[in-house]
Amino acid sequence: MDHYDPDTLAIRAGIVRSQFGEHSEALFLTSSFVFASAAQAAARFSNAEPGMVYSRYTNPTVSMFQDRLAALEGAEGCAATASGMAAILATAMTLLKAGDHVLCASGVFGATIQLFTGTLGKFGVETTFVDSPEPLAWERAAKPTTRLLFVESPSNPLCEIFDIAALAGVARRAGAQLAVDNCLCSPALQQPLALGADIVIHSATKYLDGHGRVLGGAVLGAKAFTDQVSAFLRSAGPTLSPFNAWIVLKGLDTLRIRMEAQSALALELARWLQAHPRVSRVYYPALESHPQHVLAMRQQRLGGAIVSFDVQGGKEAAWRLIDSTRMISITANLGDTKSTITHPASTTHGRLTPEARARAGIGDGLVRVAVGLESFKDIREDLARGLER
Ligand SMILES: *Cc1c(COP(=O)(O)O)cnc(C)c1O
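Throughout what follows, the structure given in this document is the object of discussion. These figures come from a predicted structure and were not determined experimentally.

Observations concerning the sheet that holds strand 3 (residues 126-130)
At step 1: Taken together, the 7 strands give an open sheet; going across it, the order is 1-7-6-5-4-2-3, and neighbouring strands pair in mixed fashion. Edge positions in the sheet fall to strand 1 (77-81) and strand 3, since each has one partner strand and no second. This sheet shows a mean twist of 20° between the axes of neighbouring strands, independent of strand direction.
At step 2: Sheet topology note: the strand 2 (residues 101-105)/strand 3 ladder contains 5 bridges and is parallel. In the strand pairing of strand 3, Val-102 is matched with Thr-127.
At step 3: Set on the sheet, helix 4 (residues 84-95) makes contact with strand 1, strand 4 (146-152), strand 5 (177-181), strand 6 (199-203) and strand 7 (217-221); between it and strand 6 the angle comes to about 150°.

A closer look at the environment of Ala-236
At step 1: Relative to the helices and strands, Ala-236 resides in helix 8 (residues 223-236).
At step 2: Taking the C-alpha atoms as reference, Ala-236 lies 21 Å from Leu-29; in sequence the two are 207 residues apart.

Digging into the packing of helix 10 (residues 255-274) against helix 14 (residues 376-388)
At step 1: Packing of helix 10 against helix 14 leaves a shortest axis separation of 11 Å and a crossing angle of 30°. Considered as vectors, helix 10 and helix 14 are oriented roughly parallel to each other. Considering how the two elements wind past one another, helix 10 and helix 14 form a crossing that is right-handed. Contacts from Leu-265, Glu-268, Leu-269, Trp-272 and Leu-273 of helix 10 reach helix 14 at Phe-376, Ile-379, Arg-380, Leu-383, Ala-384 and Leu-387.
At step 2: Partitioned by chemical class, the residues of the contact of helix 10 with helix 14 number 9 nonpolar, no polar and 2 charged.

Things to note about the nonpolar core
At step 1: Ranked by size, the top nonpolar core spans 65 residues in total, and within it Phe-65, Val-282, Tyr-284, Phe-309 and Val-371 carry the most contacts.
At step 2: With 8 residues, helix 10 is the largest single contributor of residues to this core.
At step 3: In terms of domain composition, this core takes at least three residues from each of domain 1 (6-252) and domain 2 (256-388).
At step 4: Leave out the neighbours within four places in its chain, and Tyr-284 touches Ser-263, Ala-266, Leu-267, Ala-270, His-290, Gly-303, Gly-304, Ile-306 and Val-307.

What about the site of the ligand?
At step 1: Residues in contact with the ligand, as listed here, are Ser-83, Gly-84, Met-85, Phe-109, Glu-152, Asp-181, Cys-183, Ser-203, Thr-205, Lys-206 and Gly-216.
At step 2: Here an oxygen atom of the ligand sits 3.5 Å away from a polar atom, N or O, in the side chain of Ser-83.
At step 3: Contacts to the ligand include Thr-205, whose side-chain N or O atom sits 2.6 Å from an oxygen atom.
At step 4: Considered on its own, the ligand offers 380 Å² of accessible surface; in the complex 92% of this is hidden by protein.
At step 5: Residue classes in the shell around the ligand are distributed as 3 nonpolar, 5 polar and 3 charged.

What to know about the pairing of strand 9 (residues 306-311)
At step 1: Most of strand 9 sits out of view: 6 of its 6 residues are buried.
At step 2: Side chains Ile-306, Ser-308 and Asp-310 of strand 9 all project onto a buried face; the interleaved residues Val-307, Phe-309 and Val-311 project onto the opposite face, where all are buried too.
At step 3: Bridge analysis of strand 8 (residues 279-283) against strand 9 gives 4 bridges, and the strand direction is antiparallel. When the sheet's bridge partners are listed, Val-279 is paired in strand 9 with Val-311.
At step 4: Inspection of the sheet shows strand 9 paired to strand 12 (residues 366-370) by 5 bridges, in the antiparallel sense. For Asp-310, the partnering residue across the bridge sits in strand 12 and is Leu-366.

As for helix 12 (residues 314-323)
At step 1: All of the buried residues along helix 12 are Ala-317, Ala-318, Leu-321 and Ile-322. Angularly, the buried residues of helix 12 cover 135° about the axis, an arc narrow enough to put them on a single face. Turned more than 90 degrees away from the buried face of helix 12 sit Glu-316 and Asp-323, all of them exposed.
At step 2: As for helix 12, its buried residues are in contact with strand 9, strand 10 (329-330), strand 11 (340-342), strand 12 and helix 14.

About the criteria used
Residues numbered from 1 in each chain as written. Predicted model: local features only at pLDDT ≥ 70, side-chain atom pairs only at ≥ 80, totals over all residues. Heavy atoms only, no water. Pairing = 2+ DSSP bridges. Helix = DSSP H or I, 4+ residues; strand = E, 2+ residues; numbered from the N terminus. Axes fitted to C-alpha atoms, helices over the stretch in contact; angles between N-to-C directions. Contact = heavy atoms within 4.5 Å. Parallel < 35°, antiparallel > 145°, perpendicular 65-115°, else oblique. Left-handed = near helix turned anticlockwise from the far one by under 90°. Nonpolar A, V, L, I, M, F, W, Y, C, P; charged D, E, K, R; others polar. Core = buried A, V, L, I, M, F, W, Y, C linked by side-chain atoms within 4.5 Å. Buried < 20%, exposed > 50% of the residue type's maximum accessible area, 1.4 Å probe, protein only. Domains from an automatic or database assignment. Near = heavy atom within 4 Å. Polar contact = N/O pair within 3.5 Å; in protein donor to acceptor, adjacent residues only side chain to side chain. Areas by Shrake-Rupley, 256 points an atom, 1.4 Å probe, with all protein chains shown as cover. Arc of directions from axis to C-beta.

What follows is the structure in structure tokens.
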């Protein structure tokens, strides 16, 4: 389907129909598959004959999701995982060994920091957290043992932007791979592989599903690499369930129109917040006041749906704002059609020391809104109440 536009690929790529000719993608809820003979079973197990064996290795619904997401990211291969964290773990287990070194942006998802320092540290993988998006800072932090550079762009919650093409150059010169967690943009807004990244990571839990229903994840890149990731998943087990794959596959149908509508609402909200006297700073890449606005708009089609802002009055004012909402959900999830609000300093980043939080730029007055698909008027009024108190 190479010649089709992304809009068509999002709806039709990867479809394989069973003998019944069903129009909609089928959900194959089966743990294993049967063989015509002992010889066929042996051939399937040894990969001499392609085909399904067991749903920890392959499943038709999961394959449809993998093929469709690969088409959207412009990737040769895709390995679906049980969650976004399983995607990051599978990437690290495939790429790294004891003695290897990782460069990771300091503002990444909390569990990602935990995974690199705690779990991988235990197995002799060393991680350096880089505080700056400047490629020179990454170049300087690289070592002969560096094998992986890991960033989120935009980052969560501060929407920091990383120059993917420049960091791909740093990775190449260091003999390492660049992995980009593309969670906040999704392929509808940004394709990191086209910008030079080697690996794309997804938490399908967020915008790919888009409705806050299931957990899922994916690793994308060269087929030789994703085949190795699949081999790890086959023996370790954190594969995507067929049911979750089916849900996320359906989510992809509407990915672009959701990302466009949610980005448009987010921009409107960011502009309104920027003009609000109780708001001291707004972090949103599509605002011209964002320090990396030009770079962001070179890499992304739109700003995405995460708007963070500092309210005057610190934690007390931030909590008052959150507690006075009536419609927006108080939850740390994002990527949903329902708008959500959270106080990063006491939730997603609550486990960091105050110094580490300050270094990451997470102030006590910071509030993050993940804009959904409700009406702008209702979102604005829900926030205005708490800001004007
Ligand atoms: C949520 C999230 C993850 C983890 O994904 P799960 O599906 O919850 O495991 C990783 N990276 C980013 C940027 C996220 O927002």
